[in-house]
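Below are the chains, spelled out letter by letter.
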Amino acid sequence: RTVDPVVLGKANIDLELAHSFILFWSREGFRLVLSRSSSFNATLAYSSVYVHLLLSVVVYTFWLSSNTENSTTTAADLDYHLASVLYCLSAFLEGCVEPLVLRCMFELNLHPKITAEGIATITKTFVTVIAVSLASSSSESNKI
């Protein structure tokens, strides 16, 4: 095993929950409103980017304040803070393309959306595997 089960659980539960929370609450309302309208409202679609930014900042500050257990800072706490920043940043970056997704959904042009989702999933998998491999090899070299 390359990753400690505690670290894996923290990432899969806490950080994925924050990521999913940001994405769900910042895009589903816009999708619902635009799917019921008769014409595409670009201003409303692009305002979703600001909602993503706001929710990313709010969730990050709330998440860190609620997960800070003691006043001492360890290396694991710093790593968790960095991971939280990266997860919130990834949710925001994913939200930046939401106006394009909304346009594709409104025009019923789903092929670009499906292609982008597939590429994003494969890229995320490769980046995760490479990052875990590099982290484990650097931690092994530090032990020597």
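Quick note: structure is the one above.
Residues numbered from 1 in each chain as written. Predicted model: local features only at pLDDT ≥ 70, side-chain atom pairs only at ≥ 80, totals over all residues. Heavy atoms only, no water.

### Overview of a nonpolar patch on the surface
Part 1 of the reasoning: Together, Leu82, Leu86, Leu89 and Leu93 make up a nonpolar patch on the protein surface, roughly 380 Å² of accessible area in all.
Part 2 of the reasoning: Locating Leu82 in the fold gives a position in helix H3 (residues 75-96). (Patch = residues over 30% accessible without salt bridge, like charges linked within 9 Å, V, L, I, M, F, W, Y side chains within 5 Å. Areas by Shrake-Rupley, 256 points an atom, 1.4 Å probe, with all protein chains shown as cover. Salt bridge = Lys/Arg side-chain N within 4 Å of Asp/Glu carboxyl O. Helix = DSSP H or I, 4+ residues; strand = E, 2+ residues; numbered from the N terminus.)

### Observations concerning the environment of Glu107
Part 1 of the reasoning: Along the chain, Glu107 turns up in the loop between helix H4 (98-106) and helix H5 (111-143).
Part 2 of the reasoning: When the C-alpha atoms of Glu107 and Ser39 are compared, they prove to be 9.8 Å apart, with 68 residues separating the residues in sequence.

### Things to note about H4
Part 1 of the reasoning: Within H4 the residues assigned to the buried category are Glu98, Pro99, Val101, Leu102 and Cys104.
Part 2 of the reasoning: Downstream of H4 by one or two residues, Leu108 has phi in the positive range, about 55°. (Buried < 20%, exposed > 50% of the residue type's maximum accessible area, 1.4 Å probe, protein only.)

### Some details on the pattern of salt bridges
Part 1 of the reasoning: In the structure shown here, the tally under the stated rule is 7 salt bridges.
Part 2 of the reasoning: Between Lys113 and Glu117 there is a salt bridge, with the nearest N and O atoms lying 3.9 Å from each other. With a gap of 4 residues between them, Lys113 and Glu117 both fall in helix H5, about one helical turn apart.
Part 3 of the reasoning: Residue Glu117 is classed as partly exposed on the basis of its relative accessible area, which comes to 42%.
Part 4 of the reasoning: It is possible to trace a salt-bridge network through shared partners that takes in Arg27, Glu28, Arg31, Glu94 and Glu98.

### Regarding the nonpolar core
Part 1 of the reasoning: Leu15, Ala18, Ile22, Leu23, Leu55, Val59, Trp63, Leu64, Tyr80, Cys88 and Ala91 together form the largest nonpolar core, which totals 11 residues.
Part 2 of the reasoning: For this core, the elements supplying multiple residues, two or more each, are helix H1 (5-36), helix H2 (42-67) and H3.
Part 3 of the reasoning: Here Leu23 is in contact with Glu28, His52, Ala91 and Glu94, once residues within four sequence places are set aside. (Core = buried A, V, L, I, M, F, W, Y, C linked by side-chain atoms within 4.5 Å. Contact = heavy atoms within 4.5 Å.)

None of this, on its own, says anything about what the molecule does.
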